[in-house]
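# Descriptive structure summary
Okay, here's what each chain looks like letter by letter:
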Amino acid sequence: MTQKESNRLFERALISFFLIMPPLGGLMVLFNALQNPPVFWQTVGWIGYWIALIGIHIKWVRPYFRRYPWVASYKELLARSRKLMPKKPIQVRRAWRNRILRSLYRFGFFLLVLPPFIALHLLHGHHFWWFFGMYMVCGFGVTVGYHRIGTHPSFKTSPLMRGILLAMGSGAMQGPAGEWIKKHSKHHAFGETTADPHSPYVFDETKRGIFMEQFYCFMHSFMMWAVREPALTKPSGMNFEQWREHLLNNPPDKDTFKFREEDRYFWEVKDASGAVIVPTETLIRQRWGKLVETLVNIEKDPVIKFVSNPIFYVAILILTFAVPYYLGGISLWESLARACYLNWVTFCVNSVCHIWGEQPFQVPDNSRNNAVIEIMALGEGGHNTHHKSELWAQHGIFPWQFDPAAWLIKTLRVFGLARDLKLPTKGQIVKAWVQWRQREPGMQGYPVKSA
């Protein structure tokens, strides 16, 4: 058996374990919870309270704040008000009102979210906090470690800190860091095409009918792609130059390569008369060449290589179960249920965020900002923003968005653990908001010219 086959077998074993065991863990936790019906139904009630609160936020409050692109701090607002007050008093008062309302809402939302934490603590004690704490550790490991510094160097940090963040992501049971990062890089290079590892779009209709095709494509983008997508690990019998040459000689097949019709401008360059001047095949080669260099650099990265070592990876997985078990008495089933929840939320980014949500930016795919996934996935739901600029460390750039991962990165900067954050300018944010309003004239609020 070759090294490549061994790696693939190891990966499939991990995926199979994840697909089978976490749902069983969730059922076991549910069975144990039903042994005490009053506690169970109180828990359901408080979770329902959370869901209702988030629903109200998305349905009514978020659209209100979405009418204004104001991103200035109070200090900046005060300085600009002194200049504009004599000329535009109404606009200044409106800006202050919206800025204060936004601050009051954030504080009020925090107070409204707090009671379920207290109630779940009283109902479940340390079991709840271990679930929540491990979810945050592994969740931030995926969003900040695997994604925002592993795949996209959106900020800089020390090799040690980078290794810690990647190790945190390893505990999420989403595969070794190297393989995760390579496949996500491929997703960005060929998003919404047949070369995308997890596109939810239909490119071939069969006798099953369009509905079943869409269902199968969604399930592929949600979970099954992890089993079907070939590994991108360098075979042990090749050096880096041989592997690079092998990859370059095996780009996506131009004869079977397909994309959404609305993305044709990105995969086929035409002149003013409509004649094709840069064919799809050339663009595939160009993007594949850039991706190959990225894959080789990932394979060479010493930190990623160390964290992706099967022995280290399995050790991290064992720790994520052993530490809660020995320190908190958290059962194997509870840890599996936590892993199930976190992974399925991550899978929603690959699937749901390419079907439903807002599109403030025009990009060559159907990525969207989804408010629900923003909350559950610690900021990763700002997917359209991310596809606009892969290197931005902040995906929730608008004031109504939720992005705890960006808050963590900025906190690391305060303590000197992160530097050179790549963030959008306020001008870029306001410009994107104006262009969005112009594309969607039906949005409620003031005319664009008053922004």
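Attention in this report is confined to the structure presented alongside it. (Residues numbered from 1 in each chain as written. Predicted model: local features only at pLDDT ≥ 70, side-chain atom pairs only at ≥ 80, totals over all residues. Heavy atoms only, no water.)

### Regarding the nonpolar core
Ranked by size, the top nonpolar core spans 44 residues in total, and within it Val144, Phe155, Leu166, Ile181 and Ile373 carry the most contacts. At the level of elements, helix H5 (126-151), helix H6 (159-170), helix H7 (177-189), helix H8 (210-228), helix H12 (302-308), helix H13 (310-328), helix H14 (332-351) and helix H17 (404-414) are the ones that each hand at least two residues to this core. With sequence-adjacent residues up to four places away left out, Phe155 is seen in contact with Val144, Arg148, Ile149, Leu165, Ile409, Ala418, Arg419, Asp420 and Leu421. In this structure, Leu232, Trp267, Leu283 and Leu291 belong to the second largest nonpolar core, which totals 16 residues. (Core = buried A, V, L, I, M, F, W, Y, C linked by side-chain atoms within 4.5 Å. Buried < 20%, exposed > 50% of the residue type's maximum accessible area, 1.4 Å probe, protein only. Helix = DSSP H or I, 4+ residues; strand = E, 2+ residues; numbered from the N terminus. Contact = heavy atoms within 4.5 Å.)

### Section: the pattern of salt bridges
By the definition in use, this model includes 17 salt bridges. Glu358 is the salt-bridge partner of Arg62, the closest N and O atoms lying 3.3 Å from each other. Residue Arg62 is found in helix H2 (residues 37-65), and its partner Glu358 is found in the loop between H14 and helix H15 (371-376); the two are separated by 296 residues along the sequence. Comparing Arg62 with Glu358, the two get one shared label, buried. Residue Arg260 pairs with Asp263 through a salt bridge whose shortest N-O separation is 3.0 Å. (Salt bridge = Lys/Arg side-chain N within 4 Å of Asp/Glu carboxyl O.)

### Quick look at the packing of helix H4 (residues 89-124) against H5
At their nearest, the axes of H4 and H5 sit 6 Å apart, and the two run at 125° to each other. When the axis of H4 is compared with that of H5, the two are oblique. Counting all contacts with H4, which are made through Phe117, Leu120, His121 and His124, the residues of H5 involved are His126, His127, Phe128, Trp129 and Phe132. Its residues assigned to classes, the contact of H4 with H5 shows five nonpolar, four polar and no charged. (Axes fitted to C-alpha atoms, helices over the stretch in contact; angles between N-to-C directions. Parallel < 35°, antiparallel > 145°, perpendicular 65-115°, else oblique. Nonpolar A, V, L, I, M, F, W, Y, C, P; charged D, E, K, R; others polar.)

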